[in-house]
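One letter stands for each residue in the lines below.
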Amino acid sequence: MIHFVILISRQGKVRLTKWYSPYQQKERSTVIRELSGLILTRGPKLCNFVEWKGYKVVYRRYASLYFCMCIDPDDNELEVLEIIHHFVEILDRYFGSVCELDLIFNFHKAYYILDEILIAGELQESSKKAVARVIAAQKTSTNLAKDSLVENAKEETGSISNMISQAI
Amino acid sequence: MALSGMRGLSVFISDVRNCQNKEQERLRVDKELGNIRTRFKNEKGLSPYEKKKYVWKMLYIYMLGYDVDFGHTEAVSLISAPKYPEKQVGYIVTSCLLNESHDFLRMVINTVRNDIVGRNETFQCLALTMVGNIGGKEFSESLAPDVQKLLISSSCRPLVRKKAALCLLRLYRKNSDVVNVDGWSDRMSQLLDERDLGVLTSVMSLFVALVSSNIEAYWNCLPKCVKILERLARNQDVPQEYTYYGIPSPWLQVKTMRALQYFPTIEDPNTRRALFEVLQRILMGTDVVKNVNKNNAAHAVLFEALALVMHLDAEKEMMSQCVALLGKFIAVREPNIRYLGLENMTRMLLVSDVQDIIKRHQAQIITSLKDPDISIRRRALDLLYGMCDVTNAKDIVEELLQYLNTADFAMREELALKAAILAEKFAPDLSWYVDVILQLIDKAGDFVSDDIWYRVVQFVTNNEDLQPYAAAKAREYLEKPALHETMVKVSAYLLGEYSHLLARRPGCSPKEIFAIINEKLPTVATSTVAILLSTYAKILMHNLPPDPELQEQIWSIFRKYESYIDVEIQQRAVEYFSLSRKGAALVDVLAEMPKFPERQSALLKKAEDAEVDTAEQSAIKIRSQQQTSNALVVTDQRPANGSMPVSQLGLVRMPSQNMEAGTQGQASSREQGMTDENGSINKVVPQDTPSADLLGDLLGPLAIEGPPVPTVPVEQKDKNLLSALEATSEEAGPLALATVDDQPNSVQPIVNIAERLNALCLKDSGVLYEDPHIQIGIKAEWRAHHGRLVLFLGNKNTSPLVSVRALILPPTHLKMELSMVPETIPPRAQVQCPLEVVNIRASRDLAVLDFSYKFVTAVVNVKLRLPVVLNKFFQPILVSAEEFFPQWKSLSGPPLKLQEVLRGVKPLSLPEMANLFTSLHLAVTPGIDANPNNLVACTTFYSESTRAMLCLIRVETDPSDRTQLRITIASGDPTLTFELKECIKEHLVSIPMQTAPPPAVSPVQPQSPVTPAAYNDPGAMLAGLL
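Cut-off values and rules
Residues numbered from 1 in each chain as written. Chains lettered and ligands numbered in written order. Predicted model: local features only at pLDDT ≥ 70, side-chain atom pairs only at ≥ 80, totals over all residues. Heavy atoms only, no water. Bend = angle between axes of the 7 residues up to and from the residue. Helix = DSSP H or I, 4+ residues; strand = E, 2+ residues; numbered from the N terminus. Buried < 20%, exposed > 50% of the residue type's maximum accessible area, 1.4 Å probe, protein only. Contact = heavy atoms within 4.5 Å. Pairing = 2+ DSSP bridges. Buried area = accessible area lost by both parts, 1.4 Å probe. Salt bridge = Lys/Arg side-chain N within 4 Å of Asp/Glu carboxyl O. Polar contact = N/O pair within 3.5 Å; in protein donor to acceptor, adjacent residues only side chain to side chain. Nonpolar A, V, L, I, M, F, W, Y, C, P; charged D, E, K, R; others polar. Axes fitted to C-alpha atoms, helices over the stretch in contact; angles between N-to-C directions. 1 Å grid on protein atoms, 1.4 Å probe; cavity = no way out; pocket = protein on both sides within 12 Å on 5 of 7 lines; lining within 4 Å. Points joined across faces, edges and corners; volume = space filled by probe spheres on them.

**Thoughts on helix α6 (residues 104–117) of chain B**
Residue and element names in this part refer to chain B.
For step 1, the next point in the chain: N110 marks the point of greatest bend in α6, at about 35°.
For step 2, the next point in the chain: Within the span of α6, buried status applies to L105, V108, I109, T111, V112, D115 and I116.
For step 3, the next point in the chain: On the buried face of α6, the contacting elements are α4 (72–78), α5 (84–97), α7 (121–134) and α8 (137–152).

As structure tokens, then:
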């Protein structure tokens, strides 16, 4: 099973955390600190798996953001790696060319989408369409107007670039 | 969507982002937290929208790493909000901030339950998601039935059902009782017919969890899994949205194959054939493609298929395909595939006889040891460790030593330990072993645990031919400028014992040896000083005729340390000083250390324990426990002895050396071949091994196998009290096992048989017995009064085990039939022998397996009790209060109802006791007994004579004294009542057999004036450790 999901930026800023196994508050901070040290320092062209305290962390970098999922040592690593990509593709569809800023300003939506993909640390839905349908159903009350703050921030940082095209 | 358009939140995020530094950020966050606090305090003026906004802000602040505990109540309270937008925020934020052990969650159990049973689908989804993510035991107990209903409901939409499946999985993980096995096997089978692939994916995850702990109940699901796999592999009836880069749901394929790995075999030939066709298609049809995602997904499926093939021990042909594929993978550039190739090759070593093929890839694997990626290096290290044997040990260990120079700190300790273990297990000759360990200490002293150097000292002490060599090596190392402290210890120790053997060599006079050791004295730690003082005393002893100058030097050191701050050092200094003035007596007191009794290496033991510790219930781990693993450590394969030139044996006088002669006799033919090449004839005197009755071993505490016989060397055997005392205290150290003379069998089990048996009484698969040559594993299934055990006999050696004989001695209440056991078990092979059991009536007598085999010339015979125990014929049953009480009343008084007060009970908390009962197949039934300190359990017993018979159990505990309790047992059969009572008693009352601690540190020691404190004396420490 997936014990936790962490999204963390290249600068070590946490963008999303989701814990499926019970971790106390202190443990959570320790885990994030240790994993940042372990993963952010890894160079390119290495494998997407890191062994950590008897677990494995499967991670993938998209532009400036690292998506990390911690699994048991005998879980199927590639399967989880593609769960990450599945998640990113759904984010991409939802936001329309997702970038890190979308996830910063709309972190709550990222949580909501993640809940439609994983429950109990297991994959809940592998159809992007099915997930999109559920989210769309909830969205009817309001329309996803592009927030001017997000747009401004994107322009300022020049980081309008799409994450998925920068998968590493 | 309801979540968007919160301008205040965006502004806040924007502000935080604009902060120039951490301090500014903290100020901005503190301001916001203050604001949120005040707003929450005057809740009246808070609109639902505002409340929602503040809770989101809190989550954001929490992600930044600040403490938001004060707001937990607010988040949780939103769950009870009537409207969807607030409720949603409440559920999501709560499940992010809290974990299952949080008290606040209790407050909302009712609300959550109402949402789950209510008609509002969106509320159902929110509640199921939160419970699935952070639900704990309490949720498990109160919500499981409702969640089950949703999962099997025909009126629920897939959206809800898939969430219910995973929610139930969570609840099951927290409390396995929530899924009642009886009803579920059929239900599961129906659920696997699901057409909606989203639901099926979730259901399959649930199924994997269920089947992992109870295979028997789900045999009927096996064909369904194969069907699903066929459907996906053939891409039949798979909607486009469920294909991922052209691959029909890779996740579902992987999960299904994972589930199949829990079934021991597939007997039905049609199902088997169908499955193998699919597997074959996957193995052959997966190509490397350019698209990363497609490639990953395809290989995720491929690696799972490989694991399944390995598990099924498919035909040789398929296995060799797998090896070929893995060989290809470990050479590719793509790092993920290479990593997984190495990992799976290591797994393959555990399950199959492919070592020789894997060895062909040795060079490639060594290349990976130098890969820039530490993940890959670790895998390579593991694989090299696993594939090492006598033929390649030298190469591999030398690679590891070389790698030690450049290895990351994170890996050095593991690397050092592995190198040391391999050197010990597979050394072609002992001097090489000494070289390796000394190099290890030299290169990575900080990472060499004490066990490692204790072990080399033990080897040197027990092998006289090695002593001058080791002493000379130690002398060489001492000349190096910056020496690791461990090296100082081991060198000083070796030179103290054996430097007199070098006396004629240049630079090795006692005076010179003393001088070079003494250089280190000012800089070493106390524990090393203790060793140096002993060394000086020994140098002094060997210095005959005495050199007054040296004597004076050493004496002055002793005198100096008489007032040293550490008591141990003081005492040594005082004693050595006065002893060394006694002249001849010194020779007796400080004579060479006697040889150590042969024991299992502490290192190997450590490695084994580590394996056992991490062993959980997972398909691969169960496999690796059953299978003889050559990655696991095997004690006897110390060809150090096996290939030692025979002439060396002539010098050996010690009784403990018989063991080595024995092991040599058992050395594999390959090793004998090597000896022959050396030109000496292998004249091993076969030990006439009487067929040992290990039953005594089974029943008695392992640690005390007869009195330790002081094996005092001849020159030491005099009446001198001091010397005798020292020798005894060495020999009778903690854990001192009997010397070989006392042991009728040269082959000793390397597992605690009693413990293993005990464990198997509570679970259905595991290792029953293991010695250096064979491992006997058991896997059992029980259905009513029938049982089917499979004995797995695994030959751990590279030569066959012959004259294998297995005889079952059943007690009168069991009918047992063992299928044919082959007479020969080929090298590194495993044979499976089914054993059918029928239970006639209740009894606690145990069946015995009388097992023997011959290895080279040694006949080994063991008698092992089999875990066919009373509780295996129980099936837990939940009885309602309405059913319970009439039964309970109708069974009045003895002999159908028995009561007993037990004292000296292992102090267990009620949940622990409940767990114990569950593992005994007794269903603990809450809510019948009003007293919370009591426990009521029910079960059905099956035997031929009684058929199904209900048993009722009540335990009354005394919370103020957990060591006593009263049990009452009732059933319709007097024998059953009695036997069940005794059975429970056995498990509740601590039986000294298991808990017998190793005899405490020999009581002789404190009286001994020579070894005042065992802990600092390397000899005593060694005796204790090895």
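**Some words on the pairing of strand β4 (residues 55–62) of chain A**
Residues and elements named next belong to chain A.
For step 1, the next point in the chain: Across the 8 residues of β4, 6 count as buried, placing the element largely inside the fold.
For step 2, the next point in the chain: As judged from the 4 bridges shared by strand β3 (residues 49–52) and β4, these two strands associate in the antiparallel manner. Its bridge partner being in β4, W52 is matched across the sheet by Y55.
For step 3, the next point in the chain: Counted along the chain from β3 to the antiparallel partner β4, the turn is 2 residues long, and its residue K53 has a positive phi close to 50°.
For step 4, the next point in the chain: Looking at chain direction, β4 and strand β5 (residues 65–71) are connected through 7 bridges and run antiparallel. If you follow Y62 over to β5, its bridge partner there is L65.
For step 5, the next point in the chain: Between the antiparallel neighbours β4 and β5 lie 2 residues, among them A63 with a positive phi of about 50°.

**Looking at the interface of chain B and chain A**
For step 1, the next point in the chain: If you look at the interface, chain B gives 79 residues, while chain A gives 72 residues.
For step 2, the next point in the chain: A combined buried area of about 6,400 Å² lies between chain B and chain A, and 52% of that area is made up of carbon and sulfur atoms.
For step 3, the next point in the chain: Counting across the chain B and chain A interface gives 9 salt bridges.
For step 4, the next point in the chain: Note that R173 of chain B and E122 of chain A form a salt bridge whose closest N and O atoms lie 2.6 Å from each other.
For step 5, the next point in the chain: Taken together, the connections running from chain B to chain A amount to 39 residue pairs in polar contact (both at pLDDT 80 or more).
For step 6, the next point in the chain: Looking at the side of chain B that touches chain A element by element, the count peaks at 9 residues for helix α9 (residues 158–174) of chain B.
For step 7, the next point in the chain: Classifying every residue of the side of chain B that touches chain A by side-chain character gives 38 nonpolar, 22 polar and 19 charged.

**Structural notes on the sheet that holds strand β3 (residues 765–770) of chain B**
Residues and elements named next belong to chain B.
For step 1, the next point in the chain: If you walk across this open sheet you meet the 5 strands as β3-β4-β5-β8-β7, and the pairing is antiparallel. Looking along the sheet, the strands with just one partner apiece sit at the ends: β3 and β7 (814–818). Each neighbouring strand pair of the sheet contributes to a mean axis angle of 25°, computed without reference to strand direction.
For step 2, the next point in the chain: Bridge count for β3 against strand β4 (residues 774–783) is 5 bridges, and the pairing is antiparallel. Its bridge partner lying in β4, V767 is registered against G777.

**A closer look at the layout of surface pockets**
For step 1, the next point in the chain: In this structure, the second largest pocket occupies an estimated 700 Å³ of space.
For step 2, the next point in the chain: Residue lining of the second largest pocket: 29 residues in total, with K45, L46 and I168 of chain A together with E334 and P335 of chain B positioned closest to the centre.
For step 3, the next point in the chain: Those elements that provide at least two residues to the lining of the second largest pocket are β4 of chain A together with α15 (292–312) and α17 (335–351) of chain B.
For step 4, the next point in the chain: Residue classes in the lining of the second largest pocket are distributed as 13 nonpolar, 6 polar and 10 charged.

**Concerning the sheet that holds strand β9 (residues 848–855) of chain B**
Residue and element names in this part refer to chain B.
For step 1, the next point in the chain: Taking strand neighbours across the sheet as the criterion, the 3 strands line up as β6-β9-β10 in an open arrangement whose pairing is antiparallel. Strands at the two margins of the open sheet, each flanked by one partner only, are β6 (802–809) and β10 (858–865). Here the average twist between neighbouring strands, direction ignored, is 10°.
For step 2, the next point in the chain: Alignment of β6 against β9, held across 6 bridges, turns out to be antiparallel. The residue of β9 that forms the bridge with L809 is V848.

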